[in-house]
Amino acid sequence: MPQDHDQTQSLTMTLSKDSFETHKCDPPSLEITVSKEELLRMYMAMVTMRRIETTADTFYKSQLIRGFCHLCTGQEAVGVGLETALTQEDKVITAYRSHGFTYMRKGSILPILAELLGRKNGISGGKGGSMHMFTPNFFGGNGIVGAQVPLGAGIAFAQKYLGRKAATFVFYGDGAANQGQVFEAFNMAKLWGLPAVFVCENNQYGMGTSVERSSASTDYYKRGDYIPGIKVDGMDVLAVHQAIAYARDWALTENKGPLLLEMETYRYGGHSMSDPGVSYRSREEIQKVRAENDPITHLKERLLEHHISTEKELKEMDKAARAEVDKAANEAKESAQPDIETFWTDVYKEGKGVPFLRGREPQETHHYK
């Protein structure tokens with residue numbers, strides 16, 4: 001980070017008037033006060049996150065990653081803006097596009113990349129892969145579309161039951177927004193006044209289907225009906241930060257109950273690495289968003305405009321992020337494979353009396369001692 005400025009100094013900026021749209025609630029303030037140091041941390045986090053995903057892209061194309069791999073390139077502002085407004089006691093659960101969330105929730109780069117490669121020192125021991133990464137108070141990484149939403153409601157219920165001052169942020173995509181279990185979770189959360197914030201990451205396409213073709217109403221922030229909602233510019237990290245801070249305060253205020261956020265964002269790549277991403281949208285569309293609405297470029301322009309950093313200093317930060325991720329990538333590729341004995345562990349809790357576990361074929365049956 002730049003060293004020749006007073007980075008502890010705070011400044012107040014005004015967000016775009018289009019940052020928020022609301023349903024049955026007041027909007028967050030457009031005036032945001034943040035320290036220069038925090039702005040630089042946001043920038044570094046986003047460029048690091050993008051480099052992680054670029055590396056994952058390279059790994060996959062080199063056939064080093066097996067199975068599914070969903071990248072969040074273009075959606076960095078959501079994960080970074082989220083974490084900068086939370087405490088470590090707050091809970092987060094999401095779907096399978098989870099590498100960035102894992103990193104922001106204190107997952108280190110090497111274990112994340114090693115997990116993608118199925119290595120022993122992966123964040124889930126090489127057993128979870130791209131879709132199943134966890135850290136304390138980050139509950140994944142879930143592969144079944146929409147299934148994490150009722151789980152998130154359960155986590156929020158646990159916080160209320162235990163009397164903990166923690167909010168639960170439950171993420172899902174626009175592709176999951178029409179599922180019945182999502183609305184069931186909404187209903188339970190409202191009935192019980194749970195400290196849950198449901199967050200729809202609307203990246204405009206559910207797999208290869210545009211939101212206009214899949215949803216009779218694309219106002220996802222209004223889908224909670226009796227739950228107030230806010231539509232947020234998910235390409236602006238400061239708007240995300242402001243909305244998340246507002247939502248956390250809302251969820252922890254007695255008798256207010258849950259809140260619904262819609263993060264309007266965009267993924268540059270396909271749904272997963274097996275999807276080229278250009279059969280249902282044009283290359284020109286993607287290039288236009290990159291050129292006009294990139295979240296990293298947005299923040300970079302603010303840093304330069306307010307003289308928080310220089311172009312040269314930001315390039316040095318880019319270089320440092322690239323070097324850190326590249327070093328972790330090389331170490332991940334050299335990491336050991338998991339021991340074959342661990343194939344049978346982490347399925348059932350030890351000491352619960354499960355006598356055996358069946359493998360792929362009958363002769364692979366493992367008997368526990």
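Heads up: the structure comes first, above all this text.
All values reported here derive from a predicted model rather than from experimental measurement.

Would you explain the pattern of salt bridges in this entry?
Taken as a whole and judged by the stated rule, the model has 18 salt bridges. For Arg50, the salt bridge is made with Glu76, and the minimal N-O distance between the two is 2.8 Å. With Arg50 in helix α1 (residues 36-61) and Glu76 in helix α2 (residues 76-83), this pair connects stretches of sequence that are 26 residues apart. By the burial criterion, Arg50 is buried, and Glu76 matches it. One salt-bridge network, in which partners are shared between bridges, spans Glu37, Glu38 and Arg41.

Just to check I follow, could you spell out the side chain of Glu83 for this structure?
Topologically, Glu83 is positioned in helix α2. Relative accessible area serves as the criterion here: at 9%, Glu83 is assigned to the buried category. Leave out the neighbours within four places in its chain, and Glu83 touches Gln88, Met104 and Arg105.

Is there a simple way to think about unusual backbone geometry in this case?
In most cases, non-glycine residues show a negative phi, while peptide bonds are predominantly trans. Positive phi, close to 75°, is recorded for Lys106, a residue that is not glycine. Tracing the backbone through its elements, the reader meets Lys106 in the loop between α3 (99-104) and α4 (109-116). Looking at Lys106, the relative accessible area reads 60%, which means it is exposed.

How do you make sense of the nonpolar core when you look at a structure like this?
Generally speaking, soluble globular proteins have nonpolar side chains that are buried together. Judged by nonpolar contacts, the single largest core of 72 residues is most densely connected at Leu39, Leu113, Phe169, Ile244 and Leu261. Examining the composition of this core, we find that 11 residues originate from one element, α1, more than from any other. Beyond its immediate sequence surroundings of up to four residues, Leu113 is in contact with Ile52, Thr55, Phe59, Val325, Ala328, Ala329 and Ala332. In this structure, Ala176, Phe186, Phe198 and Cys200 belong to the second largest nonpolar core, which totals 21 residues.

Would you take a moment to explain the sheet that holds strand β10 (residues 259-264) for this structure?
Picture the strands of a sheet paired through backbone hydrogen bonds; they go either parallel or antiparallel. With respect to topology, 6 strands assemble into an open sheet ordered β2-β9-β10-β6-β5-β4, the strand pairing being mixed. Bordering the open sheet on either side are β2 (20-23) and β4 (91-93), each of which pairs with just one other strand. Strand-to-strand twist of the sheet, defined as the mean angle between neighbouring strand axes without regard to direction, takes the value 20°. In terms of strand pairing, strand β6 (residues 196-202) meets β10 through 6 bridges, oriented parallel. From the neighbouring strand, Phe198 faces β10, where its bridge partner is Leu260. Each of β5 (168-173), β6 and β10 touches helix α6 (residues 180-192); the most contacted strand, β6, lies at about 155° to it.

About the cut-offs
- Numbers given to residues run from 1 along each chain, matching the order in which its sequence is written.
- Given that this is a predicted model, residues contribute local features only at a pLDDT of at least 70 and side-chain atom pairs are listed and counted only at 80 or more, while totals for whole chains, interfaces and linings are drawn from all residues.
- Side-chain figures throughout are based on the complete set of non-hydrogen atoms in the structure, without hydrogens or water.
- Salt bridges, as used here, are contacts in which a Lys or Arg side-chain nitrogen is within 4 Å of a carboxyl oxygen on Asp or Glu.
- A run of H or I in DSSP becomes a helix once it reaches four residues, and a run of E becomes a strand once it reaches two; helices and strands are each numbered from the N terminus.
- Remark: exposure states derive from per-residue accessible area (1.4 Å probe, protein chains only) relative to the maximum for the residue type, with buried under 20%, exposed over 50%, and partly exposed in between.
- Residue contacts follow a heavy-atom distance rule, with two residues in contact if any of their heavy atoms lie within 4.5 Å.
- For the purposes of this section, nonpolar cores are sets of buried Ala, Val, Leu, Ile, Met, Phe, Trp, Tyr and Cys residues that join through side-chain atoms within 4.5 Å.
- Whether two strands pair comes down to DSSP finding at least two bridges between them.
- Note on definitions: angles span 0 to 180 degrees between N-to-C directions of axes, and those axes are lines fitted to C-alpha atoms, for helices only across the stretch in contact.

Coordinates in, geometry out; function isn't part of it.
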